[in-house]
Amino acid sequence: MNDLMKHAPWIYLLLINVSEFLAMYFDKKRAVRKRWRIPEFDLLFMGIIGGGIGGLLAQQLFHHKTKKIRFYFFFIFGTLVAIAILYFSYKRTS
């Protein structure tokens with residue numbers, strides 16, 4: 001159990017970034033088909049709580065939300081949050 005808790009930050013960041021990446025992918029597919037979309041708030045929220053890397057990667061691969069500056073800001077901030085999560089989790093265990 002202790003070993004699992006040691007890896008919890010990595011597991012969390014993997015899950016949130018994969019979720020962000022997939023949400024951007026599905027939102028892009030729905031945009032092309034002019035169907036119901038994932039709310040921007042949801043995409044931004046996932047980005048800011050650590051999913052910034054997945055968001056930035058999806059932006060570049062799918063050319064989605066690239067003209068909206070706030071998405072870059074939130075995804076970059078989310079990447080910094082991810083770095084902080086890893087830094088403080090390892091500083092605490094050291």
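Residues numbered from 1 in each chain as written. Predicted model: local features only at pLDDT ≥ 70, side-chain atom pairs only at ≥ 80, totals over all residues. Heavy atoms only, no water.

Which residues make up helix H2 (residues 8–32), and what values do they have?
In a regular helix each residue adds 1.5 Å, so 25 residues correspond to 36 Å; H2 covers 36 Å between its end C-alpha atoms and thus fits that length. Every buried residue of H2 is accounted for by Pro9, Leu13, Ile16, Asn17, Glu20, Ala23, Met24 and Asp27. Remark: Lys34 follows H2 within two positions and exhibits a positive phi of approximately 55°. (Helix = DSSP H or I, 4+ residues; strand = E, 2+ residues; numbered from the N terminus. Expected span 1.5 Å × (residues − 1). Buried < 20%, exposed > 50% of the residue type's maximum accessible area, 1.4 Å probe, protein only.)

Could you give me a rundown of the nonpolar core, with the residues and numbers involved?
Within the largest apolar cluster, 14 residues are counted, with the highest numbers of intra-cluster contacts made by Leu13, Ala23, Met24, Leu43, Met46 and Phe71. Those elements that provide at least two residues to this core are H2, helix H3 (40–62) and helix H4 (69–93). Broken down by element, the residue count for this core peaks at 5 residues, all from H3. Those residues in contact with Phe71, other than ones at most four positions away along the chain, are Glu40, Leu43, Leu44, Gln59 and Lys65. (Core = buried A, V, L, I, M, F, W, Y, C linked by side-chain atoms within 4.5 Å. Contact = heavy atoms within 4.5 Å.)

Give me the pattern of salt bridges: which residues, what numbers.
Per the stated rule, a full pass over the model turns up 4 salt bridges. Across the pair Arg37 and Asp27 runs a salt bridge whose closest N-O atoms are separated by 3.0 Å. On the criterion of sequence distance, the pair formed by Arg37 in the loop between H2 and H3 and Asp27 in helix H2 is long-range, its members being 10 residues apart. Judged by its relative accessible area of 32%, Arg37 falls in the partly exposed class. (Salt bridge = Lys/Arg side-chain N within 4 Å of Asp/Glu carboxyl O.)

Before we move on, can you summarise the side chain of Asp27 with the specific residues and values?
Exposure remark for Asp27: the relative accessible area of 0% places this residue in the buried category. Leaving out residues up to four positions away in the same chain, Asp27 has contacts with Arg37, Ile38, Leu43, His64 and Lys65.

Please provide a residue-by-residue account of the packing of aromatic side chains, values included.
Under the criterion given, the structure shown has 8 aromatic pairs. Note on Phe73 and Phe74: the rings are 5.8 Å apart at their centroids and 85° apart in plane angle, and the pair reads as edge-to-face. Residue Phe74 is classed as partly exposed on the basis of its relative accessible area of 23%. On the basis of an interplanar angle of 25° and a centroid distance of 6.4 Å, the ring pair of Phe73 and Phe77 is categorised as stacked. With Phe73 and Phe77 both in helix H4 and 4 residues apart, the pair spans about one turn of that helix. On the accessibility criterion, Phe73 (55% relative accessible area) is exposed. A connected cluster of aromatic rings, assembled from ring pairs, spans Phe21, Tyr25, Phe26 and Phe62. (Phe/Tyr/Trp six-rings, centres within 6.5 Å; stacked < 30°, edge-to-face > 60°.)

Purely geometric stuff here, so don't read any function into it on its own.
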